[in-house]
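Secondary and tertiary structure notes
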Amino acid sequence: MGTHDSLGMRLRSRIRGRERWEVKALRGRPGTAQDLERLLSQRQGVLHVKANPTSAGVLVTYSTDTPDFDVEALIREGFKQLPPPVASRPSGAKSGSAISGILKSFLPRDQALTPPVLSTVGHSVHLLQGLSFVSIVNTARGSGPGFLRSLGIVSTGAQLLVMTGWSLLLTGVDLYLQYHRKEAWRRLGQATQHDLRDQLITRIEKQDVEFFDRYGTGPLIDLVTKDTAQVGEFVERSGDVIIEKALTIAVAGFFIITSAPSLGLIIFLPLPIIFLSSRFFGGKITERYARRGETTKQFNQMLENNLAGIADVKSFTAEWEEARRLSECDAALAQHTLGAERAASLQTNFISGLFSTTFVLTAGYAGFITAGGGISLSNFLRLVYWFPQLLRSLTGIEQVTGLYHRADDSAGRLARVLESYPQIQSGPVRLSAEEVRGEVIFEDVSFGYDPSVKVLENVSFHLRPGETVGIVGPTGSGKSTLLRLLLRFFDVDSGRISLDGNDIRDLDLHNLRSAVSMVSQDVYLFQGTIRENVIFGQRRATEEQILEAMRDAGALDLITSVPGGLDAEVGERGRRLSGGQRQRVAIARALLKLTSGASILALDEATSHLDNETESAFKRSLRKAATGKNVIIIAHRLSTIRSVDRILVLESGRITEAGTHDELLAHEGLYASLWRLQNEDPFGDQLEIRLKR
Amino acid sequence: MKKTHFFVGLVSGIVLAQHWRFLAKEGIKGGIKAGRAMKEMSQRAMEDMEDIAAEATAEVSEQPPQDPKW
C-alpha cells in the first residue's frame, strides 16, 4: 500500500472521504505542518486537515461530492507552495489549539483581569453560603460554630439568628457580584469579538481578488458575524463556568476528603479516565464540527445565490427546483449537525455514566461506613451537601467542552483567514499621481485564471500617453482580463506589464491603482446616496467637481428626475436606479477620480446600457474630460470605439488585428465582419463566412 | 574492603569527575530521544487506532443490508 518519493510519502489509510498519508519530510517540522494544514484547508472540497510533525501523518478528510479527489497530488502541490520555514510565527499560528492562538492575540489584556477576580470572589461567596447552610443545620443540632460561642453567643436560638443573618448577607453580596461579574465577562467577550472582527475585516479587505473568488461572499459574512460571535461567547461564558467548577471541585473535594478520605479517593477515581476520553473524543468532535461548518458554508452560498438571482429563478420558473436543492443541502446540514452533536453527546453520556457509576459506588460505600460508625453525623451532613455539588460541577464540564469545541472550530476558520497573506504584494517604487504619464506597455503577456487554461497568450501592445485605445473581440477573448491585469488584481503568468517604464509588480500598489480609473462591466453601486457613490474614494471632492463629473457622464438629469436628487438613495446594489442610470453614476465616479489625478481611464462595456444619443453626448464630454489622459475602451458596440486612435482585436486571448477603424475595415478581418454585422448586415452572413474560413 | 575494590572505585570516581558533563549530557540526550520515540510511537498508535476504527465503520456502512430471515 503506497508509494515512495522525495517527500517520503506513503499511504497509511484510505476510505472514501478520508485518507491518511505518511509524509517523512514533515517529521520534526511543526511550522511546516501548520503551514501545510492552513494551505490544504483552503483547497476546495477539503473538510479537515491534520498534519502531525511527530508521527509525520497527514490526515485529510474531503467532501465525497468532489469526483476524483487526489489527496496525494494535493499534498505534493501543497508542499511546493509552502513558504520557506520562518523563525517567528504569525499571530494566531502559535502551537496549541486554534482558540488559544486567537485568544492570545485578541483578548484585551487590560480588561482580562477584572472578570476572573470578580468570578473568584463571587463564587467563593456562593460557596460560603453553602458552608453557612451546613453550619445552620449543625447549629440546629446543637453543635454550632465555635467562634459564636467565643463571642458569647451561646444559645441555639441566638446562634441560629446570627447564622441566618449571615447567610442573608452572603446572599445579597452573591447577587450583587453575580450581576457585576456577568457584566464584566460580557464586556470582555464583546471587546474580544470587536478586536477580532476589526482585525479580520482589515485582513479580508487586503486580500487578493482570487481570495474572494475562492471564499465567496456568504462564508466571509459568516466568518465576520457568526464565527467571531462564537469566540466572543466562549470568552463571555466559559471563563466564569471554569472558575465556578474549579472552585466548587476544590472546596467540595477538600471537605469530602477531610470528612472521609477513602470516599474522596473513589470520587476522584474517574478523573484520569475523563482526561483520556477528552483526548480521544476531542479530535472527532472538532472534525465533525468542521464538517458541519463546511456544509453551512455551502448552504449559505447556495441561499445567497438564490436570493441574489431571484428574478432569474422566477423567470425560469425554477422555484421548485431551487427549493429542492436548498432542501437537500439543508438536509445534509442537519445530518452533519446531528453527527457533530451526537459525537459531543457521546462524550457527555460517557462522562455522565462514569459519574453515575461512581455516585452509586460512593453512596453505597458512604452508607456502609456511616452505618459502621466510620464517620460522625456532622461529617455525614457535610458529605450529603457537598457530594451532589461536586458531582454537578464535574458533570457540568461538558458545558465548557461544548463551548470550547464550537469556538475552536470557528477559531480554526478565523485563523486560516487571519494567516492568509495576499499573493499580490505592493512594490517598492512610488509614483505620485502628478508623476504618472500613463505609458502602458504589455510585453508578451500570458495569463490564465487556471494556469493550465490560458486566457491571454503572448499579448503585446503599447499605449502611449494621451492615446485612446479601443479593444474589441468575441465574448471570452480576454478583454476584461487585460484591465484586471493592469490593476494587478492578478499577476501575469509570464511576460511583463509596465507603467511609465516600471514593471507594475515593482510599483506601490496604491499608486498603481490610483493611476487607473475604471468602470467595470458589472456596475456596482454601494448602498447609500447618489452623491456618496459619486465621491466614493474621493471624499474631498467639491460640489462643483461632483456636478461637473455628473454633467460629463450625462447624468445631470438624474439630479432633477430622481426624487431627492444627489441625495437620493440608490438602494441595495443600486437597484432603485435603471441599468443606464447606474452606468452613468459609475461613469461620473470614474471621471471624478480622473480629475483627481488618475491618468488612465478604463471603460469596460461602460456604455452598453446607454441609448445612442446619451452615448454620443458622453463621448463628446469624454474628449474634454480625458484630455491628456489615456483611455482604454472595451466595447461590443463598435460605434463606441470608431473614432479612437487605435483599435486592438482580441481573439482567443491573442491580438489578431490592430489599427484605426479605416485600416481594420480595409484589412477585411474579424473587425470588418463585426462592423458589417452591426451596421450593414443584420443577419450576420458575412460573419459566418469569416468564421468558417 | 579489598584493595582492588578501592582502586576500581577511585578510578571510576576520577573518570566520572573528568567526564561527568559528557556522561550527563549523553544521558539526557538518550532520555530525550527515548521520549521522542515514545511520543512518536504513541501518536502513531493513536492514529492507527483512529484509522482502523474509521475503516471498520466505513466497511460496515458499505455492507448491503441483509434480507430478513423470515
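Residues numbered from 1 in each chain as written. Chains lettered and ligands numbered in written order. Predicted model: local features only at pLDDT ≥ 70, side-chain atom pairs only at ≥ 80, totals over all residues.

Overview of the overall build of chain A
Within chain A, the secondary structure is distributed over 24 helices and 14 strands. Residues classed as buried in chain A amount to 35% of the 693 residues present. Considering only residue pairs separated by 6 or more positions, chain A has 74% of its internal contacts joining residues 24 or more positions apart. (Helix = DSSP H or I, 4+ residues; strand = E, 2+ residues; numbered from the N terminus. Buried ≥ 20, exposed ≤ 12 C-beta atoms within 10 Å, placed from the backbone. Contact = placed C-beta atoms within 7 Å.)

So, the sheet that holds strand β13 (residues 646–651) of chain A
Residue and element names in this part refer to chain A. With mixed pairing, the six strands of this open sheet are ordered in space as β10-β11-β12-β7-β13-β14. The two strands at the open ends of the sheet, each matched to only one other strand, are β10 (516–519) and β14 (654–659). The sheet shows a mean angle of 15° between the axes of neighbouring strands, direction not considered. Note that strand β7 (residues 468–472) and β13 share four bridges and pair parallel. The residue of β13 that forms the bridge with Gly470 is Ile647. Relative to the sheet, helix α23 (residues 670–679) contacts β7, β13 and β14, its axis offset from that of β13 by approximately 100°. (Pairing = 2+ DSSP bridges. Axes fitted to C-alpha atoms, helices over the stretch in contact; angles between N-to-C directions.)

Here's the deal with the nonpolar core
Residues and elements named next belong to chain A. Val534, Ile587, Ala588, Leu591 and Ile632 are the most contacted members of the largest nonpolar core, which has 76 residues in total. Per-element tally for this core: the top contributor is helix α20 (residues 579–595), with eight residues. Residues in contact with Ala588, not counting those within four places in the same chain, are Val534, Ala549, Met550, Ala553 and Ala555. (Core = buried A, V, L, I, M, F, W, Y, C linked by C-beta atoms within 7 Å.)

Re the interface of chain B and chain A
In this complex, chain B contributes nine residues to the contact, which on the side of chain A involves ten residues. Of the residues in the side of chain B that touches chain A, the class split is two nonpolar, one polar and six charged. (Nonpolar A, V, L, I, M, F, W, Y, C, P; charged D, E, K, R; others polar.)

Some details on the sheet that holds strand β9 (residues 502–503) of chain A
All names here are of chain A. The strand order across the open sheet formed by four strands is β6-β5-β8-β9, and the pairing between neighbours is antiparallel. The two strands at the open ends of the sheet, each matched to only one other strand, are β6 (456–463) and β9. Note: strand β8 (residues 494–499) against β9, two bridges, orientation antiparallel. Each bridged residue has a counterpart across the sheet, and for Ser498 the counterpart in β9 is Asp503.

With respect to the pairing of strand β11 (residues 600–604) of chain A
Residues and elements named next belong to chain A. Counting buried positions along β11 gives five out of five residues, so the element sits mostly inside the fold. Alternating residues of β11 divide into Ile600, Ala602 and Asp604 and Leu601 and Leu603, and every residue in both groups is buried. Inspection of the sheet shows β10 paired to β11 by four bridges, in the parallel sense. Across the sheet, Met518 pairs through a bridge with Ala602, a residue of β11. Crossover connection from β11 via helix α21 (residues 612–625) to parallel strand β12 (residues 630–634): handedness right-handed. (Right-handed = clockwise from strand over helix to strand, strands pointing away.)

Some thoughts on α21(A)
Residue and element names in this part refer to chain A. Helix length check: α21 (14 residues) gives 19 Å between terminal C-alpha atoms against 20 Å at 1.5 Å per residue, within 8%. Burial in α21 covers these residues: Glu615, Phe618, Leu622 and Ala625. Buried positions in α21, seen along its axis, are confined to an arc of 80° and lie on one side of it. In α21, the exposed positions angled more than 90 degrees off the buried face are occupied by Asn612, Glu613, Arg620, Arg623 and Lys624. (Expected span 1.5 Å × (residues − 1). Arc of directions from axis to C-beta.)

Overview of helix α1 (residues 30–41) of chain A
Because an α-helix completes one turn every 3.6 residues, residues spaced three or four positions apart along the sequence face the same direction. All names here are of chain A. Counted at 1.5 Å a residue, the expected span for α1 with its twelve residues is 16 Å, and the 16 Å between its end C-alpha atoms agrees. Burial analysis of α1 places ten of its twelve residues in the buried class, the great majority of the element. Within α1 the residues assigned to the buried category are Thr32, Ala33, Gln34, Asp35, Leu36, Glu37, Arg38, Leu39, Leu40 and Ser41.

So, the confidence of the model for chain A
All names here are of chain A. Of the residues in chain A, 95% have a pLDDT of 70 or more, and the chain-wide mean is 83. Counting contacts from residues 85–95, a segment whose pLDDT is below 50, to residues more than four positions away or on other chains yields 20 contacts. The model gives residues 684–693 a pLDDT under 50, and that stretch makes ten contacts with residues more than four places away or in other chains. (pLDDT = per-residue confidence, 0-100.)

A closer look at the environment of Leu128(A)
Residue and element names in this part refer to chain A. The residue Leu128 is located in helix α4 (residues 114–140) in this model. Given 16 C-beta atoms within 10 Å, Leu128 falls into the partly exposed group. When the C-alpha atoms of Leu128 and Asp174 are compared, they prove to be 9.7 Å apart, with 46 residues separating the residues in sequence.

Observations regarding the packing of helix α8 (residues 217–259) of chain A against helix α10 (residues 271–308) of chain A
Residue and element names in this part refer to chain A. α10 packs onto α8 with a crossing angle of 120° between their chain directions and a minimal axis gap of 7 Å. One way to sum up the angle between α8 and α10 is to call them oblique. Here α8 and α10 pass one another in a crossing that is right-handed. Packed against α8, whose contacting residues are Thr217, Gly218, Pro219 and Asp222, the element α10 presents Thr296, Lys297, Asn300, Gln301 and Glu304 at the interface. Taken together, the residues of the contact of α8 with α10 break down into one nonpolar, five polar and three charged. (Parallel < 35°, antiparallel > 145°, perpendicular 65-115°, else oblique. Left-handed = near helix turned anticlockwise from the far one by under 90°.)

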